[in-house]
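The lines below spell out each chain.
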Amino acid sequence: MPSYTVTVATGSQWFAGTDDYIYLSLVGSAGCSEKHLLDKPFYNDFERGAVDSYEVIVDEELGDIHLIKIEKRKYWLHDDWYLKYITLKTPYGDYMEFPCYRWISGEGELVLRDGRARLSRDDQICVLKQHRRKELETRQKQYRWTEWNPGFPLSIDAKCHKDLPRDIQFDSEKGVDFVLNYSKAIENLFINRFMHMFQSSWSDFADFEKIFVKISNTISEQVMNHWQEDRIFGYQFLNGCNPVLIQRCTKLPEKLPVTTEMVECSLERQLTLEQEVEQGNIFIVDFELLDGIDANKTDPCTLQFLAAPICLLYKNLANKIVPIAIQLNQVPGEENPIFLPSDAKYDWLLAKIWVRSSDFHVHQTITHLLRTHLVSEVFGIAMYRQLPAVHPVFKLLVAHVRFTIAINTKAREQLICECGLFDKANATGGGGHVQMVQKAMQDLTYTSLCFPEAIKARGMDSTEDIPYYFYRDDGLLVWEAIKTFTADVVGIYYESDQVVVEDQELQDFVRDVYVYGMRGKKASGFPKSVKTREKLSEYLTVVIFTASAQHAAVNFGQLFLGMYPEEHFIERPVKEAMARFRKDLAAIVSVIAERNKNKKLPYYYLSPDRIPNSVAI
C-alpha cells in the first residue's frame, strides 16, 4: 500500500503547541484518503517548536496530491495550535511543501494547498477552484470594514483585540510584550508623574533631562545638550522624527509678511530675502493643519493651547538649515507678531518651542498614525479580503502587514480612544486628534506615498542644493531596492500586462483599497485598478515601503527588512529574488554605516538592518 511521510512543524511562540487530537487526510486527483490520527506512542506530539514526522499509509493510489486536510479535535480543553507548515514525501519520491503559518482554534478544520504561488487563471482543477473561492468567502465574513470615526480610512470591524480573527491577533508573546512595553514606557519615562505636570506649569528644564537619561543614545545626547541651538532646530526638520514637512519656499506667502529688513542679520549672501527665495535658499514649514483644531478640554481646571505656526528657514553658507522667522498663527496682525533670532533670547526660544510642539502633534497624529499605521491597515484588510493565501501578492505582502491590524485595534482601545493616553497627555486630545485626521485625509494621496514623488513635490530632491537630507538619501536607496525586488516578483508571475489586467483577485484588492480605505475619493489619486506590470510593481512598493521604511523613519524600528522567517514562497526564482534583495539592502547598510562614521549626529533610521517589516514588528 502507498506510504507517505508527513512532517508537521509547530510554531515556537508561546502556547503554540497542543494536546488535542490532530487528524490528516490527503486529497488527490484519483481520490481521497481516510482520516489518519497523527500520533506516536509514548511521545508528546505537537509541542511548541517541534518538527514531527509520521508515516501515513493509504489503501489505494491517490494520484497527484492537491490538498491536505487537517482536523483538530478536543482532547480535554480547547487548545489552540499554531501550525507552521507541513511537508509531504510521496511514495514516488516527490517532495511537497504546504505553508500554513496559521492558528487552528477550537475543533476546526484547515485545508492547505501546496506552496507554489498561483494566479486564479492557473487553477483549472475544480477542487482547487472551490478551495480558492471558499477561502475568500470565509475571509470576507471575518474581515469586515467599519468606520471608526467619520472621515477616517475605514478600519477592521472589531471593538477590541479579542474580537479579531485569531490569525491576526498578537500571539501571546507579542501581546504580553505590548502590555509590558506600554506599562514600562510609562514607568521608565516618569509619565505617571508627568501626567500631573501636564495639568500644570513646568518649573525646570531639568525635568526633561530625566526623560533623556532613560533613552540615552548618540542622538538624544546631542539634542539634550544642544536643543536650544538653531542648527539643531533646523536639522530636526531634515532628519528628525518628522522629516516630511519641510519644503523649498518658491514664493513668500502673503500670510507671513516677513521682510528683508526683519531677517537681514540672518542672511549671509548679501542678497534680499526675495533673491534668496529665487536662488532656492529659503525653506518653509507650515502647520496650517492645526488651524482651528480644538485644544484639549478634558480637564476643566486646566487651559491647554495649540498653535498653527509658520516657520521660515534659511540655508546658510555652511549648507545648514536654520530658522529665521516664526509666526505662531496663520493670520498676521499685531497680536500675532513674527519672532526673529534677533529677539530676546527667551522670546525666540519660546517661539521655537511652540513650533516643536506643533511638529509633535502633526508627527504623532498624521505622519505616524494616519500615514503609516492606518494606511497599512487598509492594505492589510483589503489583502485578507481579496487575495487567497496561494496568490503571489498575498505571499509577498503578508509579512508587511503582520500584527498591523492588531496594534491599530489596541491603539483604538487604549491610546486614541476617549479617555485614552492622547486625552491624558496631549493638547490635541479630547477630539482634536480626530479633527486633525479628518482634515489631513484631504492631502492623503497615492502620489504622496510614492517616496520619490513626495520628495520632489516639496522641492527637496536636489542632493547638491540640500546635501544633509539623509532621510531623502537613504529613503531613495531603500525605495529603489524594494521596487527592484517587487519588479522581480511581478515578472515571475505576470508575463505580460494583459495578465495583470485579467487577474480579477488583484483588481479586487486594489479596488477595495480605493473604495473602502480611501472612501472612493477620486481626488486621492489611488488607482481603482492596475493595468501594467510597472504600475503593479510601484503599487506593491508603496505598500511595502509605507509599512516598513516610512514607518521606521518616523517611529524608529527594531527588525529587518528583507528577512522573511515565514516561508510562504517556495519557488526557487522568488527565493533568488529575495537573496538579491537582501544583497542590495546589505549594500545600503554599508553605505549608511560609512557615511555615519565619526558623525556627531548619525542618521540610521532608514538603514535596512533597523527597518521593521511592518508597523507592528
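Keep in mind that this is a model prediction, so the values were computed, not measured.

(A) Region of the structure containing the overall build of the protein. Across its full length, the protein carries 20 helices and 16 strands. Here the protein has a C-alpha radius of gyration of 27 Å; the compact-globule value for 617 residues is 25 Å, and the two agree. Its C-alpha atoms put the protein at 95 × 55 × 45 Å along the principal axes. Residues classed as buried in the protein amount to 52% of the 617 residues present. Sequence-distant contacts in the protein: of pairs separated by 6 or more residues, those separated by 24 or more amount to 72%. Summed over its atoms, the accessible surface of the protein is roughly 28,300 Å², and 52% of this surface lies on carbon and sulfur atoms. The distance from the centre of the 70 positive side-chain charges to the centre of the 84 negative ones in the protein is 1 Å.

(B) Examining the UniProt feature "binding site: Fe cation" (unreviewed entry) in the protein more closely. Per the UniProt record, the feature "binding site: Fe cation" (unreviewed entry) sits at H368, H373, H551 and I617. With respect to the helices, strands and loops of the structure, H373 is situated in helix α9 (residues 345-386). Take H373: its relative accessible area is 10%, and that puts it in the buried class. Once you skip the residues sitting within four places of it in the chain, H373 turns out to touch H368, T404, I407, N408, H551 and V615. Looking at where H551 falls in the secondary structure, it is placed in helix α19 (residues 533-555).

(C) Inspection of unusual backbone geometry at higher detail. Here Q270, not a glycine, exhibits a phi torsion of approximately 60°, which is positive. Within the element layout of this structure, Q270 appears in the loop between α7 (260-263) and α8 (273-278). Backbone geometry places F403, a non-glycine residue, at a positive phi of 65°. Along the chain, the position of F403 falls in the loop between α10 (392-397) and α11 (404-414).

(D) Region of the structure containing the environment of V510. Position of V510 among the secondary structure elements: in helix α18 (residues 504-517). Sequence spacing of V510 and M383 is 127 residues, and the spatial spacing of their C-alpha atoms is 8.8 Å. Sequence-distant contacts of V510, that is, excluding residues within four places in its chain, are made with P527, K528, S529, V530 and Y539.

(E) Geometry of the nonpolar core. Ranked by internal contacts, the top residues of the largest apolar core, which has 125 residues, are I246, M383, Y384, L397, Y494, F509 and Y539. Counting residues per element, this core draws most heavily on α9, at 15 residues. Mapping this core onto the domain boundaries places at least three of its residues in each of domain 2 (146-164 + 368-610) and domain 3 (243-357). Beyond its immediate stretch of four places on either side in the chain, Y539 contacts F379, Y446, F509, V510, V513, P527 and V530. One finds F46, W81, L88 and L112 within the second-largest nonpolar core, a separate group that totals 25 residues.

(F) Here's a closer look at the sheet that holds strand β1 (residues 3-10). Strand order in this open sheet of four strands is β5-β1-β7-β8, and the pairing throughout is antiparallel. Of all the strands in the sheet, just β5 (51-57) and β8 (95-104) have a single pairing partner and so form its edges. The average angle at which neighbouring strand axes cross in this sheet is 20°, direction not considered.

(G) Structural detail: the environment of S462. Topologically, S462 is positioned in the loop between α15 (451-457) and α16 (470-493). Look at S462 and you get partly exposed, because its relative accessible area is 23%. Considered as a pair, S462 and E137 are 325 residues apart in the sequence and their alpha carbons are 49 Å apart. Excluding its chain neighbours within four sequence positions, the residues that come into contact with S462 are R248 and R472. Polar contacts involving the side chain of S462 include one to the main-chain amide nitrogen of D465, which spans 3.1 Å.

(H) Examining a nonpolar patch on the surface more closely. Judged by side-chain polarity, Y21, L37, Y75, W76 and L77 come together as a nonpolar surface patch covering roughly 610 Å² of accessible area. Along the chain, Y21 falls in strand β2 (residues 21-28). Residue class for Y21 comes out partly exposed when judged on its relative accessible area of 35%.

Here is what the cut-offs are and how they apply
- Residues numbered from 1 in each chain as written.
- Predicted model: local features only at pLDDT ≥ 70, side-chain atom pairs only at ≥ 80, totals over all residues.
- Heavy atoms only, no water.
- Helix = DSSP H or I, 4+ residues; strand = E, 2+ residues; numbered from the N terminus.
- Rg over C-alpha atoms; globule rule 2.2 N^0.38 Å.
- Buried < 20%, exposed > 50% of the residue type's maximum accessible area, 1.4 Å probe, protein only.
- Contact = heavy atoms within 4.5 Å.
- Areas by Shrake-Rupley, 256 points an atom, 1.4 Å probe, with all protein chains shown as cover.
- Lys, Arg positive; Asp, Glu negative; His and termini not counted.
- Charge placed at Lys NZ, Arg CZ, Asp CG, Glu CD.
- UniProt positions renumbered as here; feature names shortened; annotations may be inferred.
- Core = buried A, V, L, I, M, F, W, Y, C linked by side-chain atoms within 4.5 Å.
- Domains from an automatic or database assignment.
- Pairing = 2+ DSSP bridges.
- Axes fitted to C-alpha atoms, helices over the stretch in contact; angles between N-to-C directions.
- Polar contact = N/O pair within 3.5 Å; in protein donor to acceptor, adjacent residues only side chain to side chain.
- Patch = residues over 30% accessible without salt bridge, like charges linked within 9 Å, V, L, I, M, F, W, Y side chains within 5 Å.
- Salt bridge = Lys/Arg side-chain N within 4 Å of Asp/Glu carboxyl O.

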